[in-house]
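Fold and contact review
One letter stands for each residue in the lines below.
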Amino acid sequence: MQIIWDLLMDVRSEPKKYIDSPSLENLFAFLSGIIVYHSYLKDTGVVSLPGFREYICTKYKDPGLGFGYMHIIRMNSDNDEEAFYRFYELLEEFVKLKGLEYIPFKSDENFEK
């Protein structure tokens, strides 16, 4: 889903244009809406960032206990704005670790890494 990746990068560049302020909570709500809408249009089921949650759990030595990556990042940040920027830092680290240019979302057929 290159389009979702591109949109995430646009939000990073201009958060006020899309989500009012650099806020992880706002980003999560925005991204959730985009993913649900895309899944509805394409009938792909759930769309996610494959492997990213596990990466976050490992990075923060978090057992996962049912929390999503957004919650884990927020709990390891001083405030919501810091968590917003930390999300993007972690996303970049994850992409580099996987040797990718962007994260292919779960419904991409060619995701193997």
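A few points on the structure. (Residues numbered from 1 in each chain as written. Predicted model: local features only at pLDDT ≥ 70, side-chain atom pairs only at ≥ 80, totals over all residues. Heavy atoms only, no water.)

1. Concerning helix α4 (residues 52–59)
Owing to its 3.6 residues per turn, the α-helix brings residues three or four apart onto one side. Heads up, the condition is: Whether a residue is buried, partly exposed or exposed follows from its accessible area with a 1.4 Å probe, protein chains only, as a fraction of its type maximum: under 20%, in between, or over 50%, in that order. Numbering of helices and strands runs from the N terminus; a helix is a DSSP stretch of H or I covering at least four residues, while a strand is a stretch of E covering at least two.
Turning to α4, its buried residues number three or more, namely F52, Y55, I56 and C57. In the stretch just after α4, K61 is the one whose phi turns positive, near 50°.

2. With respect to the pattern of salt bridges
Short version of the rule: A pairing counts as a salt bridge when a side-chain nitrogen of Lys or Arg comes within 4 Å of a carboxyl oxygen of Asp or Glu.
Overall, the coordinates contain four salt bridges when judged by the stated rule. A salt bridge links E92 to R12; its shortest N-O distance comes to 2.4 Å. Within this pair, whereas E92 is found in helix α6 (residues 80–98), its partner R12 is found in helix α1 (residues 2–13), the two being separated by 80 residues in sequence. Residue E92 is classed as partly exposed on the basis of its relative accessible area, which comes to 35%. Taking relative accessible area as the criterion, R12 reaches 26% and is therefore assigned partly exposed. The closest approach of N and O atoms between R74 and D80, which form a salt bridge, is 4.0 Å. A relative accessible area of 19% means that D80 is categorised as buried.

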